[in-house]
Each structure stands twice: as structure tokens, then as C-alpha cells.
Number of protein chains: 2
Amino acid sequence: RLGAGLALALASGLALALAARRGRPRPVREVLFFPSAPSCTEELLAEPGGVRGPCSCPLPRRDCSLSRLLRRLLSARSSLELCVFAFSSPQLGRAVLLLHRRGVRVRVVTDAQYMALHGSQIGRLRLAGIPVRHDQERGFMHHKFAIVDRRMLITGSLNWTTEAIQSNRENVMVVEDEEYVKLFLEEFEKIWEEYNPSNYTFF
Amino acid sequence: RLGAGLALALASGLALALAARRGRPRPVREVLFFPSAPSCTEELLAEPGGVRGPCSCPLPRRDCSLSRLLRRLLSARSSLELCVFAFSSPQLGRAVLLLHRRGVRVRVVTDAQYMALHGSQIGRLRLAGIPVRHDQERGFMHHKFAIVDRRMLITGSLNWTTEAIQSNRENVMVVEDEEYVKLFLEEFEKIWEEYNPSNYTFF
């Protein structure tokens, strides 16, 4: 057992040393708790080449759970898989649209009952050309996770609504971890195929 | 940087080697996806010294996400902190009662609006003598996490309801990880104090 432990230790040691040598930062391991007090996120969400000056709203520009979540999402460069039960936060909606415009491949899975609710961002995303799929089930598509660049998993209790962000007790974990990303990506692809519109039935 | 990486590698190597030498299993890292098909969990939930024979129900006794979740919870020997929005699953309710009877120190935080709903297990837990605290807020206490023996974190999208277990797309992460356990324990203690009944206001 000691031999195996040492072998594992050497292997992980080598990986760490190589990562350090290449100047790679340590993998992200972050937990965000909500509620997050209202704050201005205009700077984070500014369009590239936008002509607007600094935002004149009275909200503080502070580091908070929402701004951290936005930063993590906006770090996407190639892909974003989104699997969210309720999605009505305008700020999170703008972040996803921004990524889509930057050429990030965005795919969204959501819940059929909730996507039509007042303030839902799903219609905006679809109008912009983002592929969205939803269930046809009695149960809820109740996941709330995102995968950034097939590298970082964002998951927790938080639905993407202003209500939840500002009023609820919620948690979101942000982890760069191959094992977890792989499992959640597999879950996403499985649901993505099951919710393929060619499988829909109409009554 | 190479020096720091190597130092870290040596430290983690030493920890791994020591763990291996003591025969400690690797820390749990598990993701459970739902829905979980109906199954019989009587064997898992049998009272110690109970006189009932094997269950005669027609449900299969299979390894599934619910049985795995129950096993993780039932592994508690000293403490269970529970922070759950909706709690109406009779099986999960029985598991928590069983732990309480075994002398595990159980504390429960829940949402005021949801704890009175039909089928809620909260009343049963209180009657058995388990301390329960709830919010007095407009927002929801929307967490769904548990901490076993201050060692293992169980968290995700799953509310503790039969509906969610059997019909919804849900995820639960089970992690033995000091860093995450510490953050969620701090969140639990913070909420536990804020929801202290001596702070309640009555209108």
C-alpha cells in the first residue's frame, strides 16, 4: 500500500511541479453563497466596442457573489453548456448573449414549464440564435449547472433568477476538476439527445 | 515556482503515503444523478433490533441514486447538519430519525413556507426531539445540503421530496473535502444563529 501511495504521490507531485513550472494557476475551487446584495454589473457586461460611458446608476460596483459568477461565465472562450431550470436574470441573460456574440458555442437545456414564465430569458437567447432544448416530461428539469470550456463546472442550488440571486439562501460551487466536468458533461449530452426536438411528441 | 510546486507535491505525497499506510480509503468523490427509479429501501432503513422480516413489497432492491444517498447519510456516527428547502420524502425522513435515535446529533434548517406543506417531514422530526430552525424571510431558504460527521458534504439541486427523487432531473455531489465542508459548515452555523427563535419577530 505504501508503494502505491508513493507512486501516486510521485505522479501527483510531478503534475504539480510541471503545472508550477508552466506558471499555471491552481485549479479554481470556489463556493459562492447568496443572497448577493444588488450591485451594478454594467462594467462586466459592457459590449466590446460599445460607446456607452460609465454607468450612472446609483448601485455600488462591488465584488459580490453575482459579479464572481458573471466573471466565471464570461471567462468562456470556446464553449458553454447550460442546464438551468429557471432562467430569468437579465444580467445572466446578457452574459450568455455576450458569449454567443463572441463566438462561444452556447447550448442551453431548460425546463418546459418554466421557460415560458414572465421575464424568462430563454426567448431572447433563441432569437439570438442560441440552440435551446427543453423537456416534455411531467417532472422538472431541475438542474442548475454550467460547464465553461469543458474545463470548469458551475453548479449548486441557484436558479438563474433575480429573486434567487437577491433574496434566497443559495450556494454555487465553481470547480476546475476533470472528473466532475466529465460526469456533468455526460449528463448534459445525454439530456441534450433525449430532448432532441425530433423526439418530441405532439398531442 | 518550481520550488513551491515541489514543496506542495512533497507535502501532498506525504499525506497520501500516510493515508495509504493507515489503510484509509480514498476520500469520497461521487455524483448522483436523478431521477432514481422507485426501489425498496426497507433493508437500509431497518431499525436496529426490529422484528420485521424481509419486506414483501414488489419493488426491486437495487443500487440506485436514492439508495446511495441513504447509505451516505446513514454512515453518520456523530453529527448531521441538514439545510434543506423542501423535505417530504418519507425514506429520507426515516433515515434522519434513525440517526437521531442512534445518538447522532442532528440539526435541521429549513424554509418556513415549505415546512408546512402536505407530507412535510419536519413535524415528525420535531416531535422526535430534533432541533429545527427556519427562516422568517421573504426569500427562500433554498439550500439543499447536508454535512455528515463534519467530514462529508452532500449538496446539489435535489430537494428531499419523492417527486424530485423519482421524477426530476437532479444532481447531488458527495465529497469528503475539508475545504468545502468548512465553508458549508460556516454557512450552516451562520444561518443556524440567524434563525435562532430568540430572534423571531411576531406581528
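Because the structure is a prediction, the values reported are computed rather than measured. (Residues numbered from 1 in each chain as written. Chains lettered and ligands numbered in written order. Predicted model: local features only at pLDDT ≥ 70, side-chain atom pairs only at ≥ 80, totals over all residues. Heavy atoms only, no water.)

Q: So what's going on with the pairing of strand β1 (residues 29-34) of chain A? Residues and values would help.
A: Residue and element names in this part refer to chain A. The element β1 is largely enclosed, with a buried count of five among its six residues. Sheet topology places β1 next to strand β7 (residues 170-175); six bridges connect them, and they run antiparallel. When the sheet's bridge partners are listed, Arg-29 is paired in β7 with Val-175. (Buried < 20%, exposed > 50% of the residue type's maximum accessible area, 1.4 Å probe, protein only. Helix = DSSP H or I, 4+ residues; strand = E, 2+ residues; numbered from the N terminus. Pairing = 2+ DSSP bridges.)

Q: Could you give an account of the packing of aromatic side chains, naming the residues involved and the relevant values?
A: Evaluated as defined, the whole model comprises 14 aromatic pairs over all chains. Summarising the aromatic geometry, the rings of Tyr114(A) and Phe140(A) are spaced 5.7 Å apart at their centres and angled 90° between planes, so their arrangement reads as edge-to-face. Here the residue Tyr114(A) occupies a position in helix α5 (residues 112-115), and Phe140(A) occupies one in the loop between β4 (132-134) and β5 (144-148), the gap between them amounting to 26 residues. Where Phe188(B) meets Trp192(B), the ring centres are 5.7 Å apart and the plane angle is 20°; that geometry is what we call stacked. With Phe188(B) and Trp192(B) both in helix α8 (residues 178-194) and four residues apart, the pair spans about one turn of that helix. An aromatic cluster is built from Phe33(A), Phe145(B) and Phe184(B), whose rings are joined through pairwise contacts. A cation sits over an aromatic face here: Arg107(A) above Trp192(A), 5.3 Å from the ring centre. (Phe/Tyr/Trp six-rings, centres within 6.5 Å; stacked < 30°, edge-to-face > 60°. Lys NZ or Arg CZ within 6 Å of the ring centre and 35° of its normal.)

Q: Could you give an account of the UniProt feature "domain: PLD phosphodiesterase" (unreviewed entry) in chain A, naming the residues involved and the relevant values?
A: Per the UniProt entry, the sites bearing "domain: PLD phosphodiesterase" (unreviewed entry) are residues 137-164 of chain A in this numbering. Its end C-alpha atoms 24 Å apart, residues 137-164 of chain A is made of 11% helix and 36% strand. (UniProt positions renumbered as here; feature names shortened; annotations may be inferred.)

Q: Kindly report on the sheet that holds strand β2 (residues 79-84) of chain B, identifying the contributing residues and their values.
A: All names here are of chain B. Judged by pairing direction, the sheet is mixed, and its seven strands sit side by side in the order β1-β7-β6-β5-β2-β3-β4 without closing on themselves. Edge strands, defined here as strands with exactly one partner in the open sheet, are β1 (29-34) and β4 (132-134). For this sheet the average axis-to-axis angle between neighbouring strands, irrespective of direction, equals 10°. Two strands pair when backbone bridges link them, and strand β6 (residues 152-156) and strand β7 (residues 170-175) are joined in this way by four bridges, in the antiparallel orientation. Its bridge partner lying in β7, Thr-155 is registered against Met-173. (Axes fitted to C-alpha atoms, helices over the stretch in contact; angles between N-to-C directions.)

Q: Just give me the short version of unusual backbone geometry, but keep the residues and values in it.
A: Following Phe34(A), the chain continues into Pro35(A) via a peptide bond in cis, with omega recorded as 15°. When you line up the elements, Pro35(A) lands in the loop between β1 and α2 (42-45). The residue Arg150(A) is not glycine, and still its phi comes out positive at about 50°. Counting through the fold element by element, Arg150(A) comes out in the loop between β5 and β6 (152-156). Positive phi outside glycine occurs at Asp149(B), with the angle close to 50°. Assignment of secondary structure puts Asp149(B) in the loop between β5 (144-148) and β6.

Q: Tell me about the environment of Tyr180(A), residues and numbers included.
A: As for its position among the elements, Tyr180(A) is in helix α8 (residues 178-194). The residues contacting Tyr180(A), other than those within four sequence positions of it, are Leu153(A), Val175(A), Arg29(B), Glu30(B), Val31(B), Met173(B), Val174(B) and Val175(B). (Contact = heavy atoms within 4.5 Å.)

Q: Could you give an account of the packing of helix α3 (residues 65-74) of chain A against helix α4 (residues 90-101) of chain A, naming the residues involved and the relevant values?
A: All names here are of chain A. Close contact between α3 and α4 brings their axes to 10 Å; oriented N to C, the two are set at 15°. Of the possible angle classes, the one that applies to α3 and α4 is roughly parallel. Of the two possible hands of crossing, α3 and α4 adopt the one that is right-handed. Of the residues in α4, those in contact with Leu-66, Leu-69, Leu-70, Leu-73 and Leu-74 of α3 are Gln-91, Leu-92, Ala-95, Leu-98 and Leu-99. For the contact of α3 with α4, a count of residues per class yields nine nonpolar, one polar and no charged. (Parallel < 35°, antiparallel > 145°, perpendicular 65-115°, else oblique. Left-handed = near helix turned anticlockwise from the far one by under 90°. Nonpolar A, V, L, I, M, F, W, Y, C, P; charged D, E, K, R; others polar.)

Q: Any chance you could break down the sheet that holds β6(A) for me, citing the residues and the numbers?
A: Read from one edge to the other, the open sheet built from seven strands follows the order β1-β7-β6-β5-β2-β3-β4 (chain A), with strand pairing classed as mixed. The two strands at the open ends of the sheet, each matched to only one other strand, are β1 and β4 of chain A. Strand after strand, the sheet turns through a mean of 10° between neighbouring axes, direction not considered. Seen against the sheet, α8(B) touches β1 and β7 of chain A and runs at an angle of roughly 10° to β1(A).

Q: How would you sum up the side chain of Asp135(A)? Please name residues and give values.
A: By secondary structure assignment, the location of Asp135(A) is in the loop between β4 and β5. Lacking a salt bridge, the buried Asp135(A) has Arg169(B) as its closest oppositely charged neighbour, with an N-O distance of 7.1 Å. Side-chain polar atoms of Asp135(A) contact the backbone nitrogen of Ala112(A), separated by 2.7 Å. Excluding residues within four positions of it along the chain, Asp135(A) makes contact with Thr110(A), Asp111(A), Ala112(A), Gln113(A), Met141(A) and Tyr195(A). (Lys, Arg positive; Asp, Glu negative; His and termini not counted. Salt bridge = Lys/Arg side-chain N within 4 Å of Asp/Glu carboxyl O. Polar contact = N/O pair within 3.5 Å; in protein donor to acceptor, adjacent residues only side chain to side chain.)

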